[in-house]
Structures are given as C-alpha cells and as structure tokens.
Amino acid sequence: MDTEKIIERLKFDENGLIPAVVADAESKKVLTLAYMNRESLKITLEKKLTCFYSRKRKSLWLKGETSGNYQHVIKVICDCDKDALLVLVKKDGPACHTGSDSCFNQEIFSETEGEEFSVAGLYKLLEGRKAEKKEGSYTTYLFEKGLDKILKKVGEECTEVIIAAKAQDKKETIYEIADLMYHVMVLMVQAGITIDDVMTELASRHVIDHKVKQEKMTK
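The notes below deal with the structure included here. (Residues numbered from 1 in each chain as written. Predicted model: local features only at pLDDT ≥ 70, side-chain atom pairs only at ≥ 80, totals over all residues. Heavy atoms only, no water.)

On to helix H6 (residues 170-191), then. Helix length check: H6, at 22 residues, gives a terminal C-alpha distance of 31 Å against a target of 32 Å (1.5 Å per residue), a fit within 8%. All buried positions along H6 are accounted for by Thr173, Glu176, Leu180, Tyr182, His183, Met185, Val186, Met188 and Val189. Where H6 terminates, the next one or two residues include Gly192, which has phi positive at roughly 75°. (Helix = DSSP H or I, 4+ residues; strand = E, 2+ residues; numbered from the N terminus. Expected span 1.5 Å × (residues − 1). Buried < 20%, exposed > 50% of the residue type's maximum accessible area, 1.4 Å probe, protein only.)

Here's what the structure looks like:
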C-alpha cells in the first residue's frame, strides 16, 4: 500500500488537518470525531491503529497508547469532496476519555417515533433495565428472578425454535428465533458478556476457517 499516494489524494484544510469520524466497524456506532494531519494519517494507515493530531496540544497521539484502548483500523473511507474521513475500527475499550463507550453520549434532542432499531440499541436498553429496574417491565422481571429463570427461558425458546423449524413454518420460526435472541441477550447482560465479545469469537473462527481453506488449497 502506497500511503503517500493515498494521502496526496485527500484535501487538508489551511491548518493541514482533515476531520476523521471514527465508528465501530460492526455496530456502525459513531465513537468520536478527531483530526488527522498527514503524518498521523500515515501512521494510522501503516500501523492500522488510529493516530490523531491534537489541536490543543499541537502534537500527535496514538489512541490507546496510555490507556490501552487501541482502535484497530478495519477500513478508511473519504467523502465525495475528499476532505473528511470515516474510519471504521474494532476497539479494545471505551472510545471516550471519560470511560464512556462513545464520545457522543449527551442527548440534546430525540425523535423517538420511527427510531431505527439496532442490536446494539437493544443491548443498551437491556443494560438499562438491569441497572434501573422499571416497574412492570418483563425484562426487569427476568433480572429480578435471576440466572436460573433466564436460563430456563433460553431453554424454552430453544425448544420453540426447533418445533417451528421442524414444522417448516418460516414465519413462526422467525418469531421464535427473535424470542430466543432476546432471551440470549438478556443472559449476555446478566453474565457481563458484550456483543463485541461474541463478535470477536466469531471473527476468530472465521480467521481459522480461512486459514484451513488456504492450507487445503496448497496441498
């Protein structure tokens, strides 16, 4: 990869900077907005770790160098004018210096009607139900009953999926899989297992599978 040619295609402002929106490669959740100059972008591309330019300190900073919360770069995309970047990453920890998952966590306006659903959003809602019990909530009921009740529900939903699938009832199978996924996510929150934990495990299996295929092809 010729990083110099890539960088030369981009348009930096009068201060030699380009804004970089950093988002989670899996959930697409925006993590932070920072700035890069040519040098920090070169480091980002070569190390595959986000490196920014601090306008306040007038110096480069490699994200995670002191905190350990590195951001592993999966993809970098520029906008149509080539004067802004979208950096998709796999993060090792919180993106914000406050310890929050994202720097964007202070809501100033929300139009809930028609709000887009996401698995990450559901997980966050479940975390909220565990932290602040909402009266009358089924999710709260599960957390109050504890692990044994949650495990029982997961087992029941597994059976329902099998019955629906065996009957080759697609609509019912989808419904029961959704029920199972919900209860599994409740279990994840109860056990302190994050979506990233599961995605990391799946990704490791994909890498292993890819290596096995390559080995077979070379034999």
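Once you've had a look at it, read on.
So, on to the pairing of strand E4 (residues 59-62). Alignment of strand E3 (residues 51-54) against E4, held across four bridges, turns out to be antiparallel. Each residue of the ladder has a partner; that of Ser54, found in E4, is Ser59. Joining the antiparallel neighbours E3 and E4 is a turn of four residues, in which Lys58 adopts a positive phi near 60°. (Pairing = 2+ DSSP bridges.)

Turning our eyes to something else, we now look at the nonpolar core. A general tendency of soluble globular proteins is for nonpolar side chains to be buried together. Formed by 17 residues in total, the largest nonpolar core has its most connected members in Met36, Leu41, Leu85 and Val87. Counting only elements with at least two residues in this core, the list comes to strand E1 (18-24), strand E2 (30-36), helix H2 (38-47) and strand E6 (85-91). With residues up to four places along the chain from it excluded, the contact list for Leu85 reads Leu10, Ile18, Pro19, Ala20, Val21, Met36, Leu41, Val76, Ile77 and Cys78. By size, the runner-up hydrophobic cluster in this structure holds 11 residues, among which are Leu142, Phe143, Tyr182 and Val189. (Core = buried A, V, L, I, M, F, W, Y, C linked by side-chain atoms within 4.5 Å. Contact = heavy atoms within 4.5 Å.)

Compared with an ideal rise of 1.5 Å per residue, which puts 20 residues at 28 Å, helix H5 (residues 147-166) spans 29 Å between its outermost C-alpha atoms and is within 8% of the ideal. Among all positions of H5, only Ile150, Lys153, Val154, Glu157, Val161 and Ala164 are buried. What you see down the axis of H5 is that its buried residues fit within an arc of 105°, all on one side. In H5, the exposed positions that point more than 90 degrees away from the buried face belong to Asp148, Ile162 and Lys166. Just beyond H5, the residue with positive phi is Gln168, at close to 55°. (Arc of directions from axis to C-beta.)

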